[in-house]
Amino acid sequence: MIEWNPRIWAFGCSETFGHGLEDCVVKKDGFYAPGKEPSKFAYPQLIGDAVGKEVINLSRPGASNKHILQQIKLNQSEINKDDIVIIHWTYIERHAVFVEDERDNLNITPHWPDIIPTDTEKIAKQYYKYIHSDSDAIIVARWYMNYAHLTLKAQGVKSIHCPPLMNSQYNNNKSLINMESWKDYDFVKDPNFESDISFVSKMLQHDDIQVDRAVDGRHAGPKTHRAFADLILKEFF
């Protein structure tokens with residue numbers, strides 16, 4: 001009989017990847033690009049180090065929630081029953097389109113293959129002008145989170161969900177149920193989610209958690225990653 005050492009899987013965007021931390025940043029032409037590999041100082045690795053587990057960090061800078069869910073599905077067969085999956089959902093306004101196959105996203109900008117509001121590409125401008133709405137994005141985000149939870153639950157896998165990132169620039173800092181601020185929102189009591197879904201009690205951007213910035217000045221800094229890792233360890237390990 002083969003004994004399997006449980007692992008920690010992490011899915012998310014640049015914050016989970018550790019973009020901007022000292023070992024995960026490349027400055028080029030005035031832009032702080034992410035490193036090729038996830039940071040060893042990012043919160044998933046800090047959690048793995050604390051509990052002595054291997055960490056498989058499949059997050060990607062610029063990813064949308066649709067992309068995050070697809071990465072979970074593509075790797076589902078490799079995730080074992082005793083593994084733990086940490087999913088950090090991202091900004092609800094991000095979007096992706098698969099154009100060739102299940103791994104091929106529509107490439108909107110030279111940097112990210114997801115559609116995000118700051119893109120200058122014509123197709124992105126048209127999408128956000130004529131198609132996107134926050135109300136629709138909120139509904140779809142709930143679908144993604146519930147589906148990921150139920151998919152992993154069906155194979156006996158524990159999933160930990162980090163609340164979506166909040167971007168007040170696009171006026172979507174609303175809860176996923178009543179359009180009130182979600183910075184202190186209690187996702188656990190939200191009836192639109194499965195009753196047994198596990199949410200981290202505070203978002204990465206909460207004032208109690210985000211205490212510093214990375215070297216790029218945009219992403220979470222090392223102290224913030226440590227604080228977030230400690231919160232998850234306290235609540236789930």
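Preceding this section is the structure that the text describes.
Attention here is on the structure that accompanies the text. (Residues numbered from 1 in each chain as written. Predicted model: local features only at pLDDT ≥ 70, side-chain atom pairs only at ≥ 80, totals over all residues. Heavy atoms only, no water.)

## Concerning the sheet that holds strand 7 (residues 198-199)
To be explicit about the condition: What makes two strands pair is DSSP finding at least two bridges between them. Secondary structure elements are taken from DSSP: a helix is a run of H or I of four residues or more, a strand is a run of E of two residues or more, and numbering for both begins at the N terminus. We call two residues contacting when some pair of their heavy atoms lies within 4.5 Å. Here the axes come from fitting lines to C-alpha atoms, over the contacting stretch only for helices, and the angles between their N-to-C directions go from 0 to 180 degrees.
Taken in spatial order, the 5 strands of this open sheet run 4-1-5-6-7, and their pairing is parallel. This sheet does not close on itself; its edge strands, each paired only once, are strand 4 (55-57) and strand 7. With respect to the sheet, helix 5 (residues 134-154) is in contact with strand 5 (84-88), strand 6 (158-162) and strand 7, its orientation differing from that of strand 6 by roughly 160 degrees. Of the strands in this sheet, strand 5, strand 6 and strand 7 are in contact with helix 6 (residues 222-236), which crosses strand 6 at around 140 degrees.

## Details of the packing of aromatic side chains
The following threshold applies: Stacked, tilted and edge-to-face are the three classes assigned to paired rings of Phe, Tyr and Trp, where Trp is represented by its six-membered ring and a pair needs centres within 6.5 Å; plane angles under 30 degrees give stacked, over 60 edge-to-face, the rest tilted. Only protein chains enter the calculation, and the probe is 1.4 Å; a residue is then buried if its accessible area is under 20% of its type maximum, exposed if over 50%, and partly exposed in between.
In total, this model carries 4 aromatic pairs according to the counting rule given. For the pair Trp 9 and Phe 11, a centre-to-centre distance of 6.4 Å together with 5 degrees between the ring planes defines the contact as stacked. When sorted by exposure, Trp 9 lands in the same class as Phe 11, which is buried. Residues Phe 193 and Phe 199 carry aromatic rings whose centres are separated by 4.9 Å and whose planes lie at 70 degrees to one another, so their mutual orientation is edge-to-face.

## What to know about the packing of helix 2 (residues 43-51) against helix 6
Helix-helix packing: each pair is described by the crossing angle between the helix axes and the interaxial distance. Filter applied, for reference: If an angle is under 35 degrees, it is roughly parallel; if it is over 145, roughly antiparallel; if it lies from 65 to 115, roughly perpendicular; otherwise it is oblique. Left-handed is the label given to a crossing in which the near helix is rotated counterclockwise from the far helix by less than a right angle, and right-handed is the label when the rotation is clockwise. The residue classification treats Ala, Val, Leu, Ile, Met, Phe, Trp, Tyr, Cys and Pro as nonpolar and Asp, Glu, Lys and Arg as charged. All others, Gly included, are polar.
Two elements in contact, helix 2 and helix 6, have axes whose closest approach is 8 Å; the angle formed by their N-to-C orientations is 50 degrees. The angle between helix 2 and helix 6 falls in the class oblique. Crossing geometry of helix 2 relative to helix 6 is assigned as right-handed. Side by side, helix 2 and helix 6 meet where Tyr 43, Leu 46, Ile 47, Ala 50 and Val 51 of the first sit next to His 225, Arg 226, Phe 228, Ala 229, Ile 232 and Leu 233 of the second. Considered class by class, the residues forming the contact of helix 2 with helix 6 number 9 nonpolar, 1 polar and 1 charged.

## A closer look at helix 2
Those residues of helix 2 that fall on the buried side of the exposure criterion are Tyr 43, Pro 44, Leu 46, Ile 47 and Gly 48. Against the buried residues of helix 2 lie strand 1 (8-11), helix 1 (14-17), strand 4, strand 5, strand 6 and helix 6. Where helix 2 terminates, the next one or two residues include Gly 52, which has phi positive at roughly 70 degrees.

## Looking at the pattern of salt bridges
Selection criterion: Salt bridges are counted wherever a side-chain nitrogen of Lys or Arg sits within 4 Å of a carboxyl oxygen of Asp or Glu.
A complete count under the given rule lists 4 salt bridges for this structure. A salt bridge links Arg 7 to Asp 83, with the shortest nitrogen-to-oxygen separation between them at 2.9 Å. With Arg 7 in the segment before strand 1 and Asp 83 in the loop between helix 3 (65-74) and strand 5, the pair connects residues that are 76 residues apart, well separated along the chain. Judged by its relative accessible area of 10%, Arg 7 falls in the buried class. Residue Asp 196 pairs with Lys 153 through a salt bridge whose shortest N-O separation is 2.7 Å. With Asp 196 in the loop between strand 6 and strand 7 and Lys 153 in helix 5, this pair connects stretches of sequence that are 43 residues apart. What makes Lys 153 partly exposed here is its relative accessible area of 44%.

Everything listed here is a matter of coordinates, which is why it stays silent on function.
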